[in-house]
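Topology and contacts: notes
One letter stands for each residue in the lines below.
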Amino acid sequence: MTTTQRIAADLAPTGVLRASVNLGNPVLAQGTPENPSGITVDLAREIGARLGVGVEPLCFDAARKSFGAMADGRADLCFLAVDPAREAEVAFTAPYVVIEGVYAVPRGSALTTVEEVDAPGVRVGVKKGSAYDLFLSRTLAHATVVRGDEGVDVFRAEGLEAGAGIRQPLTAYVRENPGVRLIEGRFMEIRQAVGTTPSRAPETLAFLRDTVEELKANGFVTDALRRAGQDTGLLAPQSA
């Protein structure tokens, strides 16, 4: 058995690479569950092609569901933000893109900086189980995290002081809702990486790490971002 065959048998034991895709993050994936597209789908298909196996996208509308599929064995591969709360159950590569977590507030809000959001009486709407939910739940000392199916929905429905989200979709939301503005600056970098279970063989984990670095270096990630209509400046730097 060749090295490629060993890795394929380890990573895709059913003979098909089951890739967990989060359609809830429009930077990473677009389309429908029946016909998904975007950088994560492109990455999954490229990894499958290198291993000589077919790819089955398993689509979800939230990162927590995508993580659940990985954790309980329904998926072989995932595309999630690196976070300490996930690393016990997911072995991550270095990031392939880096996106930003930002705040939206009512236009008349007195909040003007990221630091001012972390204050008593400030409630921040987040998407339950998202990378920024995990991060803010861990780091906010005074503000309160309020979880919902979508951060902006709970922000609006409950009249919260702030809503957290990914810069690109939150910018679009603000553009469509003139009563809301973004706070300048980011509260976190969201490092999106490829992941699988830590129980995979060392050569499988090395293959994923090396493949991601190669695809960042050779223009694959940049081209995938461009095809998806996303900012090519999201490309993560090469890992040291």
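Structure: above.
In this text the structure is predicted, and so the values were computed from the model without any measurement. (Residues numbered from 1 in each chain as written. Predicted model: local features only at pLDDT ≥ 70, side-chain atom pairs only at ≥ 80, totals over all residues. Heavy atoms only, no water.)

1. A word on helix α8 (residues 202-217)
We apply this condition: Numbered from the N terminus, helices here are DSSP runs of H or I no shorter than four residues, and strands are runs of E no shorter than two. To estimate the expected span of a helix, subtract one from its residue number and multiply by 1.5 Å. Burial status follows relative accessibility: with a 1.4 Å probe on protein chains alone, a residue under 20% of its type maximum counts as buried, one over 50% as exposed, and anything between as partly exposed. We call two residues in contact when some of their heavy atoms are within 4.5 Å.
Counted at 1.5 Å a residue, the expected span for α8 with its 16 residues is 22 Å, and the 23 Å between its end C-alpha atoms agrees. Those residues of α8 lying buried are Thr204, Leu205, Phe207, Leu208, Thr211, Val212, Glu213, Leu215 and Lys216. Residues of α8 that are buried sit in contact with α1 (3-11), α2 (39-51), β5 (77-81), β6 (91-106), β11 (188-196) and α9 (220-227). A positive phi of about 95 degrees marks Gly219, the residue just after α8.

2. Quick notes on the pattern of salt bridges
What counts, and what does not: The term salt bridge refers to a pairing of a side-chain nitrogen on Lys or Arg with a carboxyl oxygen on Asp or Glu at a separation within 4 Å.
Overall, the coordinates contain 19 salt bridges when judged by the stated rule. A salt bridge links Arg50 to Glu46; its shortest N-O distance comes to 2.8 Å. Of this pair, Arg50 and Glu46 both sit in helix α2, four residues apart, which is roughly one turn of the helix. Residue classification places Arg50 among the partly exposed positions, given a relative accessible area of 28%. For Glu46, a relative accessible area of 21% translates into the label partly exposed. Put simply, Arg186 and Glu100 hold a salt bridge, and the shortest N to O gap is 3.1 Å. Of this pair, Arg186 sits in the loop between β10 (180-182) and β11 while Glu100 sits in strand β6; the two residues are 86 residues apart in sequence, bridging distant segments of the chain. Overall, the relative accessible area of 23% leaves Glu100 in the partly exposed class. Taken together, the salt bridges that share partners define one network made up of Glu100, Arg167, Arg186 and Glu189.

3. So, the packing of aromatic side chains
Which entries qualify depends on this criterion: Under the pairing criterion, centres of Phe, Tyr and Trp rings, with the six-membered ring standing for Trp, must be within 6.5 Å; the plane angle then separates stacked pairs below 30 degrees from edge-to-face pairs above 60, leaving the rest tilted.
With the rule as written, the count across this model stands at two aromatic pairs. An angle of 25 degrees between the planes, with centres 6.4 Å apart, marks the rings of Phe135 and Phe187 as stacked. Pair noted here: Phe135 is in helix α5 (residues 131-139) and Phe187 is in the loop between β10 and β11, with a separation of 52 residues, a long-range link. Three or more aromatic residues link up through ring pairs in this structure, and these residues are Tyr103, Phe135 and Phe187.

4. What to know about the environment of Met188
Along the polypeptide, Met188 turns up in strand β11. Taking C-alpha positions, Met188 is 8.7 Å from Ile99, a pair spaced 89 residues apart along the chain. Beyond its immediate sequence surroundings of up to four residues, Met188 is in contact with Ile99, Glu100, Gly101, Ala131, Tyr132 and Phe135.

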